[in-house]
Amino acid sequence: MTSGRAQGNGDSGVRRWSEVMSSFERWLDADADAQDRLLADLERQDPELHGLVVAAIRTDRDAESLHFLEDGALVDAARSGGRGAESTLLDLLGEQVGPWRIERLLGVGGMGQVVLVARSDGLHSGRAALKMLRFAALDQTTQRRFAREGELLARLQHPHVARLLDVGESVDGRRFLVLEYVDGDRIDDWCDRRRATIERRLQLFEQVCDAIAYAHGNLIVHRDLKPSNILVDAGGVAKVLDFGMAKLLEGEALAGEMTELTRVAGAAFTPEYAAPEQFSGDPVTVATDVYSLGAVLYVLLVGHRPHGAADATPAQLARAVSLDEPRRLSLRVGETTGDTRRIAEARSTSAEQLQRALRGDLDTILAKALKRDPTERYASVQAFADDIRRYLDNRPIAARADSLAYRLRKYVRRHRVGVVVGSLLVLAVLAGVAGIAVEERIARREAARAETEAAKATQIANFTSGMLAGIDPDRAKTMDRTLIRSILDTAASNADRELAEQPAVRASIEDTIATSYYSIGESEIAVSHWQLALDAAKQSGGGPGPQARLMAKLSRAQKAISQYRKAHVTATQAVEISKGLPETDADSLYAQSRLAAVDCVLFRSQVCRDRFASVYALERRTLGEEDAETLATLSGLAAAEAQLGNHDVSRAHYAKAISGYTARFGASDSHRLSIITQYASMNDATGHYDENEKLLEASLPLARAALGEAHPITLETMTWLGITFNQLKRFAEAKATLLRALALYGSGDKSNGFTPMSSKIGLIDAEVGLGEYAAAEKHAREFLVLVKDMSGPHGDGGLSRSILANVLIHEDRFEEAEQELKAADAARLPRSPGATANLVSRQTAQRFVDLYTRWNKPESA
């Protein structure tokens with residue numbers, strides 16, 4: 001590094017600059033009346049100096065509007081790239097500071113001023129940003145801080161860190177730093193101007209993480225990360241600037257270095273992006289930079305800061321950051337802020353698609369990075385970046401969403417108000433939270449002071465939706481089932497009692513409650529709550545899209561409990577009501593996919609296939625092939641192709657869907673495991689029993705570990721494994737597996753919301769294979785009674801009578817068997833192009849052959 005002093009003609013310019021800054025500092029320290037008098041005196045005595053001081057005041061106010069803080073002159077000036085600064089403060093063109101010639105002012109802050117300079121000594125060429133202390137900042141501590149900035153920057157040589165090029169001292173004794181000049185925009189402005197997608201923003205953010213991880217590796221914490229400290233050039237290369245408030249980690253500090261210098265420096269930060277420990281004065285660690293990076297990424301993704309309104313004061317920000325967890329990304333972008341459409345367009349997408357893209361993994365990643373407790377954040381910036389890379393690569397992320405119990409504890413600590421708060425606090429007692437009576441009284445007093453019922457309702461909806469959204473299949477195993485049911489039952493009771501006059505809020509909460517019940521396998525209860533949600537949505541005058549989606553969800557639950565006819569009517573209504581929506585509207589597509597799913601169950605195979613194919617084509621175009629909803633539709637299309645007998649096409653679709661879910665969500669994802677059971681059904685129809693055995697035996701332990709043994713998807717996996725054992729003539733293993741599944745289903749009732757028909761059929765086949773005919777007949781007759789109570793294809797397709805006939809044939813009760821087979825044949829479904837649609841008819845025909853062969857009546861066969 002070199003040290004230079006301005007010489008020759010530069011002396012007069014520097015002296016004039018000193019006069020300007022001296023007058024400006026006096027003006028800063030004066031009250032309003034004294035400020036006016038000082039400017040009036042300057043105008044009389046030295047009009048030129050007066051003009052320059054007024055320009056300095058204007059620049060300072062501009063800087064303040066951009067939230068300049070102490071060392072922030074360089075970075076915050078970058079928002080405008082210095083444009084327009086030529087007319088401010090002083091025309092310094094041509095003045096010399098060491099080997100650098102000043103070209104124009106970039107910015108002025110509380111402690112420093114920054115100018116654009118060019119190398120002028122002939123040894124090198126190029127531009128740089130020169131940062132110099134102001135006269136008011138020449139106390140010993142500030143100078144030591146400034147010197148420390150140079151020392152820290154000298155340690156950092158990284159492609160995404162603005163490099164230190166030179167240090168020196170001006171003719172009037174002020175230190176200066178010469179830094180790499182980045183001709184670019186703030187990272188958020190750069191992304192918005194180029195309509196950067198979420199993926200592109202994440203890729204750019206990875207560069208920033210790489211730079212900060214490198215700084216941490218050199219035992220340096222930045223402490224003031226914000227969008228204006230991160231510039232991106234025209235080529236899309238990010239540079240981190242302004243390590244003026246950085247500090248050495250304690251492990252590297254020399255004796256005496258962590259005393260007054262770092263204590264003073266520690267008090268300076270930008271509130272909008274500061275971590276909670278910076279407000280409280282707790283130790284600053286690498287976790288502090290993790291938090292600030294999370295705040296920066298939050299802005300990049302949703303266009304809003306994690307905390308506080310745009311005009312929030314530092315005190316308001318401090319309270320919000322210290323007491324509140326930030327809103328989830330996907331919920332924040334969905335808020336009615338007046339600029340949601342603009343934000344989405346700046347990300348080359350729609351508001352709906354943006355919310356969908358942020359839901360799930362990105363919600364979880366940002367929630368972890370922005371934890372109030374530093375120990376709960378990512379352990380390092382590298383770990384944070386690794387999860388971003390996993391997300392971009394469609395691999396499972398390391399972070400895990402908060403458990404329901406965790407959020408309950410956080411809720412109680414924050415004393416949030418709301419109409420249903422009393423019941424939720426009572427539920428917290430079930431989780432072992434102490435002192436609940438006191439909390440309830442406090443909460444109720446706060447609720448009484450709430451400004452409006454509308455505000456309370458919004459808060460309830462937001463809280464309840466966020467709280468209950470934690471009950472999903474992939475986390476159900478980790479929660480106490482009794483606690484979950486208690487939470488849902490009490491939330492439902494309070495919604496019914498407290499929200500009768502607020503139908504819009506009621507619709508939202510009932511939808512969330514229904515979704516939670518459905519996710520833990522309580523589909524019958526979910527049906528009632530989706531019906532309540534739909535009724536409330538109609539009462540509130542909700543649009544066709546939300547109503548169509550609620551109808552489609554209701555249809556899904558009706559299908560799950562074998563109410564196929566009702567499910568078809570409901571799904572048809574959903575499609576009808578959504579006809580006025582754009583063809584790519586998410587609610588319309590969802591309604592069509594639900595109707596297609598019911599069409600398949602009703603053996604309307606060609607209609608099912610055509611509808612799924614249409615939805616899949618639209619979703620591929622609008623959402624992409626790897627989107628979860630696109631993959632779900634692809635699995636439905638695979639099922640339809642299997643029904644039509646197009647097994648090779650079906651096999652390819654299933655393989656693609658399973659691969660997509662595995663890559664994006666992992667092998668234990670509930671949707672992937674569910675699709676495997678569908679794939680197993682096709683394999684069973686095509687005789688691929690060995691493949692089924694391997695696939696299902698690998699899936700069953702994953703389902704047990706991820707979802708719990710009693711979860712419907714686990715039971716479906718267990719059931720198909722038992723059926724596969726039957727096909728492989730391993731009847732004892734089949735019986736044991738299927739009996740276990742039936743026991744978990746609840747002795748054959750609908751306690752889990754799914755009718756265990758396949759399990760019962762499989763058990764009867766296993767008992768016949770073992771020669772246990774009495775038990776098989778008993779179970780076959782129970783099955784016959786069960787189907788009489790159901791509406792749907794199995795209720796009138798002759799399936800149960802054909803099964804009973806098979807048992808009777810093996811018992812040599814030929815006349816009774818003949819009667820049952822004739823009844824089954826009379827009840828068969830009309831023939832259709834579907835392969836599965838004719839399965840019962842084919843089985844019945846084969847059993848007629850078996851009957852007459854064993855009965856010794858070959859002529860009848």
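These numbers come from a predicted model, not from an experiment.

### Here we look at the environment of arginine 377
Mapped onto the elements, arginine 377 comes out in the loop between helix 15 (361–369) and helix 16 (381–392). The sequence separation of arginine 377 and alanine 399 amounts to 22 residues, and the corresponding C-alpha distance is 9.5 Å. Looking at arginine 377, its side chain comes within polar contact range of the side chain of glutamate 277, at 2.8 Å.

### A look at the confidence of the model for the chain
Mean pLDDT over the chain stands at 74; residues scoring 70 or higher make up 68%. Ignoring residues within four places in sequence, the model shows residues 62–91, a span with pLDDT below 50, making 81 contacts including any to other chains. Here residues 250–267 is a poorly scored stretch, pLDDT under 50, and it has 22 contacts once near neighbours within four places are set aside; other chains count.

### Some remarks on the packing of helix 24 (residues 544–560) against helix 25 (residues 564–577)
Where helix 24 contacts helix 25, the two axes come as close as 8 Å, and the packing angle between them is 165°. One element, helix 24, and the other, helix 25, form an angle in the roughly antiparallel class. Between helix 24 and helix 25 lies a crossing whose hand is left-handed. Of helix 25, the residues touching helix 24 (which contributes Pro544, Gln547, Ala548, Met551, Ala552, Leu554, Ser555, Gln558 and Lys559) are Tyr564, Lys566, Ala567, Thr570, Ala571, Gln573, Ala574 and Ile577. In the contact of helix 24 with helix 25, the residues fall into 10 nonpolar, five polar and two charged.

### With respect to the pattern of salt bridges
Taken as a whole and assessed by the stated rule, the structure comprises 40 salt bridges. In this structure, arginine 347 engages aspartate 192 in a salt bridge whose closest nitrogen and oxygen atoms are separated by 3.8 Å. Placement of the pair is arginine 347 in the loop between helix 13 (340–345) and helix 14 (351–358) and aspartate 192 in helix 6 (residues 187–193), with a sequence separation of 155 residues. The partner of arginine 801 in a salt bridge is glutamate 820, with the nearest N and O atoms 2.7 Å apart. Here arginine 801, found in helix 37 (residues 799–810), pairs with glutamate 820, found in helix 38 (residues 814–826); they are 19 residues apart in sequence, far enough to count as distant. Using a relative accessible area of 27% as the deciding quantity, one classes arginine 801 as partly exposed.

### Points about the nonpolar core
The biggest cluster of nonpolar side chains holds 61 residues, and the ones touching the most others in it are Leu301 and Phe384. In terms of residue count, helix 10 (residues 286–302) provides more of this core than any other element does, 11 residues in total. Dropping the residues within four chain positions of it, phenylalanine 384 is found in contact with Phe205, Val290, Leu293, Gly294, Leu297, Ile365, Ala369 and Tyr378. Membership of the second largest hydrophobic core comes to 34 residues, among which are Cys608, Leu634, Tyr654 and Ala680.

### Some thoughts on helix 27 (residues 605–622)
Between its first and last C-alpha atoms helix 27 spans 26 Å; for 18 residues at 1.5 Å apiece the expected length is 26 Å, and the two agree. Among all positions of helix 27, only Ser605, Cys608, Phe612, Val615, Tyr616, Leu618 and Glu619 are buried. In this structure, the buried residues of helix 27 make contact with helix 26 (586–601), helix 28 (628–643) and helix 29 (647–665). Glycine 624 occupies a position one or two residues after helix 27 and carries a positive phi of about 100°.

### Quick look at the sheet that holds strand 10 (residues 238–240)
Within the open sheet, the three strands sit side by side as 7-9-10. Their pairing is antiparallel. At either margin of the open sheet sits one strand with a lone partner, and together these are strand 7 (184–186) and strand 10. Taking the axes of each pair of neighbouring strands and ignoring which way they run, one obtains an average angle of 35° across the sheet. One ladder, built from three bridges, connects strand 9 (residues 230–233) with strand 10; its direction is antiparallel.

### Examining the packing of helix 10 against helix 16
Packed helices, taken two at a time, are described by the angle between their axes plus the distance between the axes. Direction vectors running N to C along helix 10 and helix 16 enclose 30°, while the axes themselves pass 10 Å from each other. With respect to helix 16, the axis of helix 10 lies roughly parallel. The interaxial crossing formed by helix 10 with helix 16 has right-handed handedness. For the pair formed by helix 10 and helix 16, the contact residues are Val290, Leu293, Gly294 and Leu297 on the first element and Val381, Phe384 and Ile388 on the second. For the contact of helix 10 with helix 16, the class distribution of residues is six nonpolar, one polar and no charged.

Rules behind the numbers
Residues numbered from 1 in each chain as written. Predicted model: local features only at pLDDT ≥ 70, side-chain atom pairs only at ≥ 80, totals over all residues. Heavy atoms only, no water. Helix = DSSP H or I, 4+ residues; strand = E, 2+ residues; numbered from the N terminus. Polar contact = N/O pair within 3.5 Å; in protein donor to acceptor, adjacent residues only side chain to side chain. pLDDT = per-residue confidence, 0-100. Contact = heavy atoms within 4.5 Å. Axes fitted to C-alpha atoms, helices over the stretch in contact; angles between N-to-C directions. Parallel < 35°, antiparallel > 145°, perpendicular 65-115°, else oblique. Left-handed = near helix turned anticlockwise from the far one by under 90°. Nonpolar A, V, L, I, M, F, W, Y, C, P; charged D, E, K, R; others polar. Salt bridge = Lys/Arg side-chain N within 4 Å of Asp/Glu carboxyl O. Buried < 20%, exposed > 50% of the residue type's maximum accessible area, 1.4 Å probe, protein only. Core = buried A, V, L, I, M, F, W, Y, C linked by side-chain atoms within 4.5 Å. Expected span 1.5 Å × (residues − 1). Pairing = 2+ DSSP bridges.

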